[in-house]
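Geometric and topological summary
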Amino acid sequence: MPQRIPVVEKILSANDRLALENLFRLDAARVFAINMMASPGAGKTSLIEETVRGLEGRLRIGMINGDIATSFDADRAQAAGATAIQINTGGDCHLDAVMVQSALSQLDLGTLDLVVIENVGNLVCPADFKLGTHKSVLVASIPEGDDKPYKYPGMYRGVNAVVINKIDLLPYAPFRMDFFKKGIEVLNPGVTQFELSCRTGEGLSGWLAWMEGQVKEFKKNPGK
Ligand code: MG
Ligand code: ZN
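Definitions and cut-offs
Residues numbered from 1 in each chain as written. Chains lettered and ligands numbered in written order. Predicted model: local features only at pLDDT ≥ 70, side-chain atom pairs only at ≥ 80, totals over all residues. Heavy atoms only, no water. Axes fitted to C-alpha atoms, helices over the stretch in contact; angles between N-to-C directions. Helix = DSSP H or I, 4+ residues; strand = E, 2+ residues; numbered from the N terminus. Parallel < 35°, antiparallel > 145°, perpendicular 65-115°, else oblique. Left-handed = near helix turned anticlockwise from the far one by under 90°. Contact = heavy atoms within 4.5 Å. Pairing = 2+ DSSP bridges. 1 Å grid on protein atoms, 1.4 Å probe; cavity = no way out; pocket = protein on both sides within 12 Å on 5 of 7 lines; lining within 4 Å. Points joined across faces, edges and corners; volume = space filled by probe spheres on them. Nonpolar A, V, L, I, M, F, W, Y, C, P; charged D, E, K, R; others polar.

**Quick look at the packing of helix α1 (residues 14-28) against helix α4 (residues 97-106)**
Interhelical geometry of α1 versus α4 gives an angle of 25° and a closest axis separation of 8 Å. With respect to α4, the axis of α1 lies roughly parallel. The crossing of α1 and α4 is left-handed. On α4, the residues that touch N15, L18, A19, E21, N22, R25 and L26 of α1 are A97, V98, V100, Q101, L104 and S105.

Below, the structure written as structure tokens:
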């Protein structure tokens with residue numbers, strides 16, 4: 001009779017294990033990290049630029065940008081004052097923990113408080129690959145339409161905050177805010193939400209305060 005060994009530990013995938021290593025490394029360096037996800041064009045890079053400018057002198061921010069081919073976004077973050085590392089995924093439609101591991105090695109973590117990782121613009125698979133960040137943020141935008149939580153539930157389910165960008169376009173788009181929010185509420189009850197416009201600056205202060213608060217809370221007790 002074959003001996004049966006009970007599996008008492010959750011078997012982590014190779015990616016999850018590496019993600020955990022990334023997290024430990026960030027904790028040890030007392031650097032808070034967020035995974036920023038969105039569809040292409042929702043305004044991730046604009047939000048990162050505004051975050052870097054808005055928190056200048058308060059937080060030292062590094063940015064890791066995952067793009068399929070170009071470095072435009074990393075260039076923009078750098079111009080706004082962030083230390084930026086570019087990952088060209090060579091066609092891959094999401095970042096994974098290996099790519100982030102090598103990007104972290106290129107950052108001087110001792111000089112940073114916050115690392116914002118801009119994932120590849122895609123509402124499907126980025127949600128399936130842990131990177132080792134402390135929190136994840138989904139950036140939605142008015143022109144994308146109000147049906148996105150219903151079409152991409154996996155993306156909305158796991159995130160810690162949802163940013164609704166481009167609210168300056170609300171008068172011009174058939175976007176039902178209550179329908180959109182009802183979808184979010186079903187998938188991720190009580191999730192932190194921000195309505196803002198990177199273009200006009202409306203609502204940005206709430207986001208900046210939250211971001212700064214998250215980093216401060218983390219610094220009190222890294223690894224907790
Ligand atoms: Mg971008
Ligand atoms: Zn993918």
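And the narrative resumes.
**Looking at the sheet that holds strand β7 (residues 192-195)**
Within the open sheet, the seven strands sit side by side as β3-β2-β4-β1-β5-β6-β7. Their pairing is parallel. Each edge of the open sheet is held by one strand with a lone partner, namely β3 (83-88) and β7. Across the sheet, the mean angle from the axis of one strand to that of its neighbour is 20°, orientation sign disregarded. For strand β1 (residues 32-38) and strand β5 (residues 135-141), the ladder comprises five bridges, and the chain directions are parallel. Across the sheet, residue N35 finds its bridge partner in β5, namely S136.

**Section: the layout of surface pockets**
Of the volumes computed, that of the largest pocket is approximately 360 Å³. Lining of the largest pocket is provided by 22 residues; of these, F129, K130, L131, T133 and S136 occupy positions nearest its centre. Secondary structure elements with two or more residues in the lining of the largest pocket: α1, β1, β5 and α6 (153-157). With four residues, α1 is the largest single contributor of residues to the lining of the largest pocket. Tallied by class, the residues present in the lining of the largest pocket amount to eleven nonpolar, eight polar and three charged. For the second largest pocket, the calculated volume is near 220 Å³. The wall of the second largest pocket is formed by 16 residues, among which P40, G41, K44, D73 and E118 lie closest to the centre. Elements that contribute at least two residues to the lining of the second largest pocket include exactly α2 (44-54), β2 (61-67) and α3 (72-80). Of all the elements, α2 adds the most residues to the lining of the second largest pocket, at three residues. Here the residues of the lining of the second largest pocket are counted per class, giving three nonpolar, eight polar and five charged.

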